Amino acid sequence: MSVSPLIWGITVVVILALLAFDYFFHIRKAHVPTLKEAAAWSALYVGIAIIFGILVLIFGGPAMGSEYFAGYITEKALSVDNLFVFLIIIASFRVPREDQQKVLLFGIVFSLIARTGFIFLGAALINSFAWVFYAFGLILLITAGNLLKPEPDGDDTADNFIIRLARKFFHTTDHYDGDKLFTMENGKKVLTPMLLVMVAIGGTDILFALDSIPAIFGLTQNVYIVFTATAFSLMGLRQLYFLIDGLLDRLIYLAYGLAAILAFIGVKLILHALHENNLPFVNDGQPVPVVEITTGLSLTVIIGVLVFTVVASLLSKAGKAQTAINNARRHAVSYLDLEYTADPAERERIYNALREEVRQIEQMEPKYRNKAKDVDTIRAEVAEANQQHEQYLAR
């Protein structure tokens, strides 16, 4: 089903209006969102996406509606996985808590721009070259395999090539000046870490687009559905970050679930490529009679795999242990970092969370507790945080 330019225009205006509303009413004044605020706005954005899907279902038909929901759920799951990387980048650059919202909104806007470009490029390639389905399918299968590889040990840093170039050729500072991108230091204009972290997130957004766009093209070739499902999956990602901050580590099986979904879509794409085949060295350039996977089956598999992996992660004792250990490390470092936040209530919240996590670690079975990396370093940081808090109370 083709979509009129008027509907395209209205859709783009609505998305831009949502982004503008997010900036002017939430981001412009730096603050740490409460759990209630994050939950309310996350629910609102998910509700908007669902209402939009229902409208697609009514006016576009069951097939188009199913494609939208399959694409939206897949892209949302991939976006949640992307939050792990955002968390590492933000922690690596020690972004003050009050300014993290602005960094995340920039990441969302840049991601939307980058993915829109990839969407129209992908659509042009698909319309011109049928073999692109083979390429997209292969990309997803390789990505699924990479998700199953254990992560290498090492420091969680976001020090990439662009960042190293910026620090080599431009004057930079390690200290923030609110949410400013430039500041004055020793009489010179210098780049703040705020600009560098935005560059780092922008670079990772491009890499994320290389995986997510082939995935949704495996579910639908309708450019309007691809664009809207991608856009609405990114809406509310900032609020979701603060809502599930600290619980991301709990989803220890999410990578396996995403690998299964991407592999499934990759196989679906290759089967579709065989069905539409025109490559001369495959079946003499003739279509290959194969079974094609329906959108309804795709939606069922995607939802089923996600529900299973999320429930399994939440019930896992190893997941609970990993969450407590990683959060204790993160909160100890945050509490010791004087640039983390200027809000005394936020520092008190962090310290109370740290105490609760230490209590959970002490009560967990040794086999889970001893799996943590750098146990001695974590204990030293927690002890230093306790000492600093006692000094703060003694003032």
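For the structure, check the block above.
These remarks concern the structure in this document. (Residues numbered from 1 in each chain as written. Predicted model: local features only at pLDDT ≥ 70, side-chain atom pairs only at ≥ 80, totals over all residues. Heavy atoms only, no water.)

### Comments concerning the nonpolar core
Just so we agree on the cut-off: Joining through side-chain atoms within 4.5 Å is the link that ties buried Ala, Val, Leu, Ile, Met, Phe, Trp, Tyr and Cys residues into a set, and such a set is a nonpolar core. The buried label applies to any residue whose accessible area, calculated with a 1.4 Å probe on protein chains only, is under 20% of its type's maximum; exposed applies above 50%, and partly exposed to all values in between. The way it works is that DSSP assigns letters per residue, a run of H or I at least four long becomes a helix, a run of E at least two long becomes a strand, and they are numbered from the N terminus. In what follows, a contact means two residues having at least one pair of non-hydrogen atoms within 4.5 Å.
By size, the foremost hydrophobic cluster in this structure holds 82 residues, and its most contacted members are Tyr 68, Phe 93, Val 95, Val 197, Phe 217 and Phe 232. Sort the elements by how many residues they give to this core and helix 3 (residues 62-92) lands first, with 13 residues. Each residue touching Val 197, except ones within four places of it in the same chain, is listed here: Ile 89, Phe 93, Val 95 and Val 103. Core analysis: the next-biggest nonpolar cluster, separate from the first, contains 15 residues, Ala 328, Ala 332, Leu 336 and Ile 350 among them.

### Overview of the pairing of strand 1 (residues 182-185)
Heads up, the rule is: Pairs of strands are assigned from DSSP output, requiring at least two bridges between the strands.
When strand 1 meets strand 2 (residues 188-191), the two strands line up antiparallel, connected through four bridges. Within strand 2, the position partnered with Met 184 by the bridge is Lys 189. Counted along the chain from strand 1 to the antiparallel partner strand 2, the turn is two residues long, and its residue Asn 186 has a positive phi close to 55 degrees.

### So, the packing of helix 3 against helix 9 (residues 237-244)
Keep this limit in mind: The axes used here are C-alpha line fits, helices contributing only the stretch in contact, and every angle between their N-to-C directions lies in the interval 0 to 180 degrees. Angles are sorted into four bins: roughly parallel if under 35 degrees, roughly antiparallel if over 145, roughly perpendicular if 65 to 115, and oblique for all others. Each crossing gets its handedness from the near helix: less than a right angle anticlockwise from the far helix is left-handed, clockwise is right-handed. Any residue that is not Ala, Val, Leu, Ile, Met, Phe, Trp, Tyr, Cys, Pro, Asp, Glu, Lys or Arg is counted as polar, Gly included; the first ten are nonpolar and the last four charged.
Two elements in contact, helix 3 and helix 9, have axes separated by 10 Å at closest approach and are oriented at 70 degrees. The pairing of helix 3 with helix 9 is recorded here as roughly perpendicular in orientation. The handedness of the crossing between helix 3 and helix 9 is right-handed. On helix 9, the residues that touch Lys 76, Ser 79, Val 80, Leu 83, Phe 86, Leu 87 and Ile 90 of helix 3 are Leu 237, Leu 240, Tyr 241 and Ile 244. Of the residues contributing to the contact of helix 3 with helix 9, the split by class is nine nonpolar, one polar and one charged.

### Considering the packing of aromatic side chains
One pair of aromatic rings is described through two measures. These are the centre distance and the angle between the planes. The criterion, for reference: For Phe, Tyr and Trp, rings pair up if their centres lie within 6.5 Å, where Trp contributes its six-membered ring, and each pair is then called stacked (planes under 30 degrees apart), edge-to-face (over 60) or tilted (otherwise). Ring-over charges, as used throughout, are those where CZ of Arg or NZ of Lys falls within 6 Å of the ring centre and within 35 degrees of the ring normal.
Counting across every chain of the model gives twelve aromatic pairs. Plain terms: the ring middles of Trp 8 and Phe 227 are 5.6 Å apart, the flat faces sit at 40 degrees to each other, and that makes the pair tilted. With Trp 8 in helix 1 (residues 5-27) and Phe 227 in helix 8 (residues 223-234), this pair connects stretches of sequence that are 219 residues apart. The class of Phe 227 is buried, set by a relative accessible area of 8%. A ring pair is formed by Phe 52 and Phe 232, whose centres lie 4.9 Å apart and whose planes are at 35 degrees; its orientation type is tilted. Note that Phe 52 is positioned in helix 2 (residues 35-60) and Phe 232 in helix 8, a separation of 180 residues in sequence. On the basis of relative accessible area, Phe 52 is assigned to the buried category, the value being 13%. A relative accessible area of 4% places Phe 232 in the buried class. Members of the aromatic cluster, joined through ring pairs, are Trp 8, Phe 52, Tyr 68, Phe 69, Tyr 72, Phe 120, Tyr 224, Phe 227 and Phe 232. Over the face of the ring belonging to Phe 182 we find Lys 189, whose NZ or CZ atom lies 5.2 Å from the ring centre.

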